[in-house]
There are 4 protein chains.
Amino acid sequence: MSEPIDLIRRQVADLHQELVRHQLVVWTAGNVSARVPGRDLLVIKPSGVRYDELTPQNMIVCDLDGNVVEGEHAPSSDTAAHAYVYRHRPDVGGVVHTHSTYASAWAARGEAVPCVLTAMADEFGAEIPVGPFALIGDDSIGRGIVETLDGHRSPAVLMKNHGVFTIGEDAEAAVKAAVMCEDVARTVHLARQLGEPQPLSADDIDRLNFRYRNVYGQRPAAQ
Amino acid sequence: MSEPIDLIRRQVADLHQELVRHQLVVWTAGNVSARVPGRDLLVIKPSGVRYDELTPQNMIVCDLDGNVVEGEHAPSSDTAAHAYVYRHRPDVGGVVHTHSTYASAWAARGEAVPCVLTAMADEFGAEIPVGPFALIGDDSIGRGIVETLDGHRSPAVLMKNHGVFTIGEDAEAAVKAAVMCEDVARTVHLARQLGEPQPLSADDIDRLNFRYRNVYGQRPAAQ
Amino acid sequence: MSEPIDLIRRQVADLHQELVRHQLVVWTAGNVSARVPGRDLLVIKPSGVRYDELTPQNMIVCDLDGNVVEGEHAPSSDTAAHAYVYRHRPDVGGVVHTHSTYASAWAARGEAVPCVLTAMADEFGAEIPVGPFALIGDDSIGRGIVETLDGHRSPAVLMKNHGVFTIGEDAEAAVKAAVMCEDVARTVHLARQLGEPQPLSADDIDRLNFRYRNVYGQRPAAQ
Amino acid sequence: MSEPIDLIRRQVADLHQELVRHQLVVWTAGNVSARVPGRDLLVIKPSGVRYDELTPQNMIVCDLDGNVVEGEHAPSSDTAAHAYVYRHRPDVGGVVHTHSTYASAWAARGEAVPCVLTAMADEFGAEIPVGPFALIGDDSIGRGIVETLDGHRSPAVLMKNHGVFTIGEDAEAAVKAAVMCEDVARTVHLARQLGEPQPLSADDIDRLNFRYRNVYGQRPAAQ
């Protein structure tokens with residue numbers, strides 16, 4: 001087993017604990033994957049295995065058509081969707097899928113989460129869009145994700161009647177997007193329960209998103 | 001004490017911790033039971049004992065009429081309902097009862113949870129149905145569970161003004177159904193607060209449920 | 001320091017952890033007290049001290065007029081209310097006060113929680129009633145509690161615009177009532193959000209409450 | 001490094017754990033700062049660093065214009081707002097910023113939280129007011145905070161479409177205000193979902209607030 005894969009195995013196993021810790025998943029319902037840098041491989045959760053039992057060793061390595069390359073278990077039943085994203089989005093290094101509660105409630109209505117919080121403008125740069133209803137079993141889900149996010153700033157898509165898929169430059173960024181997606185889906189849900197949120201202008205969303213991508217965090221200051 | 005009973009005692013004691021961990025119960029309000037394979041016995045929680053104090057040793061063994069066979073405490077006051085289910089459903093190996101919050105809110109209105117999420121189609125294959133209002137103390141609750149679930153795909157029933165009962169091929173499957181029941185009851189509740197969820201077609205529910213039962217998890221791939 | 005007081009000090013300190021664990025309190029907002037059996041004394045939380053820092057040693061012993069008998073800190077600012085209850089209800093051995101979220105929301109509207117769940121019929125035997133708005137600083141709160149609960153089965157009262165007080169034969173019973181009060185306040189709140197809960201008949205409430213008080217738990221079976 | 005700064009570094013690092021524990025923040029979204037007593041310095045969280053990784057050593061020391069004086073990381077992107085508050089409010093020793101869920105929902109609507117709970121009268125002495133929408137990057141947020149809280153009893157302000165800022169005589173008091181702000185924002189939100197909360201009179205709010213500031217906690221009894 002080559003070394004970069006070992007690091008990715010560990011990272012993917014560990015990041016599933018973030019899904020649990022942020023209460024985005026119950027039982028075995030969500031999954032994280034990562035692309036293996038420089039190789040046409042991905043690492044993903046085994047299907048139907050509980051989060052407590054996940055280790056670097058029982059992660060599954062697949063090629064980008066979703067065929068198992070290494071691993072004793074079957075891969076996540078969502079592997080085809082993850083693989084489709086990696087094939088069509090070379091910029092994507094990580095994919096996350098959850099049925100997190102508030103985001104899935106918006107998805108059940110087929111309604112995008114409007115961008116009415118500065119934190120949403122930062123992380124998503126726009127509304128969180130709704131993708132099509134798609135059955136599991138072929139490329140429908142993967143295609144729905146890629147087509148909906150094409151040209152969209154948001155790293156998250158609400159798949160209708162289903163749940164959330166997020167993408168990132170690596171798996172940690174995709175997990176962060178999944179965490180923030182649920183957080184803003186909840187806040188905007190609550191805001192809407194007692195009236196209408198104040199809109200943010202497109203200009204303000206642009207300015208916030210630009211600054212967040214270029215100034216925030218431990219990058220050399222760009223201003 | 002025979003060995004299979006010892007394993008079941010441990011399993012039932014441990015699964016109560018899953019009810020706590022998934023926040024399905026407070027104080028002493030819920031209970032798990034399991035059928036002892038090959039014998040006309042069930043293992044269940046003692047009545048009114050807190051979850052922290054449950055051990056394999058203080059679980060109660062009853063016959064399928066609910067009479068205590070082994071155990072120093074009184075069995076759960078819901079034992080008659082569990083026993084009725086085991087007598088009338090030989091396919092059932094585990095039963096769970098909770099007053100989990102969102103499911104009980106639907107039960108208080110006497111309203112079924114509509115099947116509008118792919119995760120619901122997977123696990124429940126239909127709406128989560130409502131059973132009759134029934135007083136504790138005789139076979140009314142057990143009969144209500146069995147009659148409502150007869151011919152229904154759902155392993156969960158909302159007993160009116162009361163709470164949830166779930167069944168499974170073993171106790172872990174029944175606990176999983178209880179966890180998923182609360183999860184989807186919450187998501188659909190939230191979806192309904194701000195509008196109407198999109199319906200899933202009966203055909204799509206059938207396809208999802210078939211696939212989930214036959215392909216998902218660590219079974220040999222059927223497709 | 002006499003031995004029974006030491007036991008009560010430990011019990012009261014420990015039960016505050018139950019308030020935290022069941023998420024009934026934040027920061028320093030709730031308190032538990034217990035009567036010292038056979039003596040005109042009560043043990044209560046010190047004022048404004050955080051839950052992490054509570055020990056048997058820093059609990060405060062007061063007489064039933066609320067005067068400090070033992071303790072280096074000032075007693076809870078709610079001591080007068082607790083003391084009033086002990087003076088006027090010799091059957092009460094424990095009192096709990098919280099601002100638990102859902103119960104306080106009903107209290108803010110001045111609305112009783114209707115008895116529409118079997119678990120409510122069991123523990124409360126009726127709606128959870130609303131007491132008057134009363135300012136802290138004299139006997140107003142204590143009198144409001146005692147007058148509202150006089151002749152009422154419920155061990156919990158919602159003090160208007162304020163929070164919850166519960167009573168019990170001992171402090172653990174009062175804590176249990178506080179836990180169950182929040183639990184049913186939450187479930188009925190959720191039920192009401194999407195329609196009207198089904199009513200329970202007075203007869204069914206009576207039967208459930210009688211059985212719960214006489215059969216449930218580890219008492220000799222009465223049936 | 002002088003000793004008082006070391007204490008403040010530790011305090012600020014530790015208080016971030018309170019934000020996590022009270023579920024006021026996800027990922028890296030909130031921050032705590034403290035003024036260094038007797039010096040024109042503040043200590044604040046580094047930008048974009050996760051809460052698990054915060055230590056006294058990686059806290060950032062800035063002057064009151066927000067320039068880094070000690071520290072290897074960039075300071076929180078909200079440092080300019082914190083610094084503005086310290087420059088214009090010499091009575092303030094601590095500032096906290098969160099996007100806590102319920103408070104941010106009120107902020108998204110641009111709606112103040114009305115004072116309808118005794119706990120709110122105690123801690124806030126009034127409604128929790130709404131400040132202007134302000135973009136990050138200059139003094140707009142700091143000025144919005146200071147102008148909104150000028151002459152107001154509340155230590156918390158809801159910045160429109162953004163989140164919460166709280167102030168205190170020290171950082172712990174500001175954290176307490178942030179915890180209480182979310183707690184009452186949640187309770188009043190829930191109360192409003194099913195009707196209208198009962199109002200508190202201005203006189204009662206004054207009396208409660210006076211007593212809380214002068215009698216509550218471990219001060220010498222003033223009555």
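Note that the structure is a prediction, hence the values are computed from the model and not measured. (Residues numbered from 1 in each chain as written. Chains lettered and ligands numbered in written order. Predicted model: local features only at pLDDT ≥ 70, side-chain atom pairs only at ≥ 80, totals over all residues. Heavy atoms only, no water.)

## Section: the overall build of chain A
- Helix and strand counts for chain A stand at seven helices and eight strands.
- Compactness check: chain A gives a C-alpha radius of gyration of 17 Å against a globular reference of 17 Å for 223 residues, within 12% of the reference.
- Projected onto the principal axes, the alpha-carbon positions of chain A cover approximately 50 × 40 × 30 Å.
- Of all 223 residues assigned to chain A, the portion counted as buried reaches 63%. (Helix = DSSP H or I, 4+ residues; strand = E, 2+ residues; numbered from the N terminus. Rg over C-alpha atoms; globule rule 2.2 N^0.38 Å. Buried < 20%, exposed > 50% of the residue type's maximum accessible area, 1.4 Å probe, protein only.)

## Notes on the interface of chain A and chain D
- Between chain A and chain D, the residue contacts involve 33 residues of the former and 32 residues of the latter.
- Of the roughly 2900 Å² buried between chain A and chain D on both sides combined, carbon and sulfur atoms contribute 58%.
- Here chain A is connected to chain D by two salt bridges.
- For the interface between chain A and chain D, the tally reads ten residue pairs in polar contact (both at pLDDT 80 or more).
- Elements supplying a minimum of two residues to the side of chain A that touches chain D: helix H1 (3-21), helix H4 (118-123), helix H6 (171-193) and helix H7 (202-214) of chain A.
- Of all the elements, H6 of chain A adds the most residues to the side of chain A that touches chain D, at eleven residues. (Contact = heavy atoms within 4.5 Å. Buried area = accessible area lost by both parts, 1.4 Å probe. Salt bridge = Lys/Arg side-chain N within 4 Å of Asp/Glu carboxyl O. Polar contact = N/O pair within 3.5 Å; in protein donor to acceptor, adjacent residues only side chain to side chain.)

## Quick notes on the side chain of Thr118 of chain A
- Tracing the chain through its elements places Thr118 of chain A in helix H4.
- For Thr118 of chain A, the contacting residues outside a window of four places in its chain are Leu200 and Leu208 of chain A together with Phe133, Asn161 and His162 of chain D.

## Some points on a negative patch on the surface
- Side chains of Glu53 of chain A together with Glu169, Asp170 and Glu172 of chain B sit close together on the surface and give a patch of like negative charge.
- Counting through the fold element by element, Glu172 of chain B comes out in helix H6 (residues 171-193).
- What makes Glu172 of chain B partly exposed here is its relative accessible area of 36%. (Patch = residues over 30% accessible without salt bridge, like charges linked within 9 Å, V, L, I, M, F, W, Y side chains within 5 Å. Areas by Shrake-Rupley, 256 points an atom, 1.4 Å probe, with all protein chains shown as cover. Lys, Arg positive; Asp, Glu negative; His and termini not counted. Charge placed at Lys NZ, Arg CZ, Asp CG, Glu CD.)

## Here's the deal with the sheet that holds strand S6 (residues 130-131) of chain D
All names here are of chain D.
- Strand order in the open sheet formed by eight strands is S4-S3-S2-S1-S5-S8-S7-S6, and the pairing between neighbours is mixed. Among the strands making up the open sheet, the edge pair consists of strand S4 (68-70) and S6.
- In terms of strand pairing, strand S7 (residues 156-159) meets strand S8 (residues 163-168) through four bridges, oriented antiparallel. Bridging from a neighbouring strand, Ala156 pairs with Thr166 of S8.
- Running over the sheet, helix H3 (residues 101-109) touches S7 and S8 and is turned about 55° from S7. (Pairing = 2+ DSSP bridges. Axes fitted to C-alpha atoms, helices over the stretch in contact; angles between N-to-C directions.)

## A few points about the state of the cysteines
- For the structure shown, the criterion picks out zero disulfides over all chains.
- Summary of cysteine pairing: Cys181 of chain B is not part of a disulfide, and the nearest cysteine sulfur, belonging to Cys115 of chain B, is at 12 Å. (Disulfide = S-S within 2.5 Å.)

## Section: unusual backbone geometry
- Even without a glycine there, the phi angle at Trp27 of chain B is positive, about 55°.
- Position of Trp27 of chain B relative to the elements: it lies in the loop between helix H1 (3-21) and strand S1 (31-35).

## Comments concerning the UniProt feature "domain: Class II aldolase/adducin N-terminal" (unreviewed entry) in chain A
- According to UniProt, the "domain: Class II aldolase/adducin N-terminal" (unreviewed entry) feature falls on residues 10-189 of chain A.
- Secondary structure across residues 10-189 of chain A comprises 37% helix and 18% strand; the distance between its end C-alpha atoms is 35 Å. (UniProt positions renumbered as here; feature names shortened; annotations may be inferred.)

## Quick look at the pattern of salt bridges
- Counted by the stated rule, this structure contains 56 salt bridges over all chains.
- Between Asp206 of chain C and Arg153 of chain C there is a salt bridge; the shortest N-O distance is 2.7 Å. On the criterion of sequence distance, the pair formed by Asp206 of chain C in helix H7 (residues 202-214) and Arg153 of chain C in the loop between helix H5 (140-149) and strand S7 (156-159) is long-range, its members being 53 residues apart.
- The salt bridge involving Arg192 of chain C is made with Glu196 of chain C; its shortest N-O contact spans 3.6 Å.
- Exposure remark for Arg192 of chain C: the relative accessible area of 17% places this residue in the buried category.
- One salt-bridge network, held together by shared partners, links Glu18 and Arg21 of chain A together with Arg50 and Asp52 of chain D.

## Some points on the packing of aromatic side chains
- Applying the stated criterion across every chain, the model contains zero aromatic pairs over all chains.
- Over the aromatic face of Trp27 of chain B sits the side chain of Arg50 of chain B, whose NZ or CZ is 3.6 Å from the ring centroid. (Phe/Tyr/Trp six-rings, centres within 6.5 Å; stacked < 30°, edge-to-face > 60°. Lys NZ or Arg CZ within 6 Å of the ring centre and 35° of its normal.)

## Considering the sheet that holds strand S8 (residues 163-168) of chain A
All names here are of chain A.
- Reading across from one edge, S4-S3-S2-S1-S5-S8-S7-S6 is the order of the eight strands in this open sheet, with mixed pairing throughout. Across the chains shown, the open sheet's two edge strands, defined by having one partner strand only, are strand S4 (68-70) and strand S6 (130-131).
- Here H1 sits on the sheet in contact with strand S1 (31-35), strand S2 (41-44), strand S3 (60-63), S4 and strand S5 (94-98), set at roughly 155° to S1.
- In the packing of helix H5 (residues 140-149) onto the sheet, the strands contacted are S6, strand S7 (156-159) and S8, and the crossing angle to S7 comes to about 130°.

## A closer look at the environment of Gly151 of chain A
- Note on placement: Gly151 of chain A falls in the loop between H5 and S7.
- Separated by 133 residues in the primary sequence, Gly151 of chain A and Glu18 of chain A have C-alpha atoms spaced 28 Å apart.

## Brief notes about the relation of the copies chain A and chain D
- Least-squares fitting of chain A to chain D yields an RMSD of 0.0 Å, with the superposition described by an axial translation of 0.0 Å and a rotation of 90°. Taken together, the turn and the small shift mark the pair as related by a four-fold rotation axis. Measuring from the rotation axis to each C-alpha of chain A, the shortest distance belongs to Gln193 of chain A, at 5.3 Å.
- When the interface residues of chain A are mapped onto chain D, a mere 6% of them again lie at the interface, so each copy presents a different face. (Least-squares fit on C-alpha atoms with pLDDT ≥ 70 in both.)

## Quick notes on the environment of Cys62 of chain A
All names here are of chain A.
- Inspection of the secondary structure assignment puts Cys62 in strand S3.
- For Cys62, a relative accessible area of 0% translates into the label buried.
- When the C-alpha atoms of Cys62 and Val43 are compared, they prove to be 6.4 Å apart, with 19 residues separating the residues in sequence.
- In contact with Cys62, other than residues within four places in its own chain, are Asp40, Leu41, Leu42, Ile44, Asn67, Val68, Val69, Pro75 and Thr79.

## Some details on the packing of helix H3 (residues 101-109) of chain C against helix H6 (residues 171-193) of chain C
All names here are of chain C.
- Across the interface, H3 lies against H6 with an axial gap of 7 Å and an inter-helix angle of 65°. Crossing hand, H3 versus H6: left-handed. Facing Thr101, Tyr102, Ala103 and Trp106 of H3, the residues of H6 in contact are Cys181, Glu182, Ala185, Arg186, Val188, His189 and Arg192.
- Of the residues belonging to the contact of H3 with H6, the class tally is six nonpolar, two polar and three charged. (Left-handed = near helix turned anticlockwise from the far one by under 90°. Nonpolar A, V, L, I, M, F, W, Y, C, P; charged D, E, K, R; others polar.)

## Remarks on the pairing of S7 of chain C
Residues and elements named next belong to chain C.
- Of the two faces of S7, the one lined by Ala156 and Leu158 and the one lined by Val157 and Met159 are each fully buried.
- Taken together, the two bridges between strand S6 (residues 130-131) and S7 define a ladder with parallel strand orientation. For Gly131, the partnering residue across the bridge sits in S7 and is Met159.
- As a crossover connection, the stretch from S6 through H5 into S7 is right-handed.
- The turn linking S7 back onto strand S8 (residues 163-168) is made up of three residues, and Asn161 within it adopts a positive phi angle of 55°. (Right-handed = clockwise from strand over helix to strand, strands pointing away.)

## Observations concerning the side chain of Glu123 of chain C
Residues and elements named next belong to chain C.
- Here Glu123 lies in helix H4 (residues 118-123).
- A relative accessible area of 13% means that Glu123 is categorised as buried.
- Within the structure, Glu123 has its side chain in polar contact with the side chain of Tyr212 (distance 3.2 Å).
- Beyond its immediate stretch of four places on either side in the chain, Glu123 contacts Pro155, Lys176, Ala177, Met180 and Tyr212.

## Re H6 of chain B
Residue and element names in this part refer to chain B.
- In this model H6 runs 33 Å from its N-terminal to its C-terminal C-alpha over 23 residues, within 8% of the 33 Å that 1.5 Å per residue would give.
- Its side-chain oxygen placed 3.3 Å from the backbone nitrogen of Glu172, Asp170 serves as the N-cap of H6.
- In the stretch just after H6, Gly195 is the one whose phi turns positive, near 145°. (Expected span 1.5 Å × (residues − 1).)

## Concerning the packing of helix H1 (residues 3-21) of chain D against helix H6 (residues 171-193) of chain D
Residue and element names in this part refer to chain D.
- Where H1 meets H6, the closest approach of the two axes is 10 Å, and the angle between their N-to-C directions is 10°. It follows from the interaxial angle that H1 and H6 lie roughly parallel. Packed against H1, whose contacting residues are Gln11, Leu15, Glu18 and Leu19, the element H6 presents Ala171, Glu172 and Val175 at the interface.
- Of the residues assigned to the contact of H1 with H6, the class counts are four nonpolar, one polar and two charged. (Parallel < 35°, antiparallel > 145°, perpendicular 65-115°, else oblique.)

## Considering H3 of chain D
- In terms of burial, H3 of chain D is a largely internal element, nine of the nine residues being buried.
- Of the positions making up H3 of chain D, those classed as buried are Thr101, Tyr102, Ala103, Ser104, Ala105, Trp106, Ala107, Ala108 and Arg109 of chain D.
- Turning to H3 of chain D, the residues buried within the fold contact H6 of chain A together with S7, S8 and H6 of chain D.

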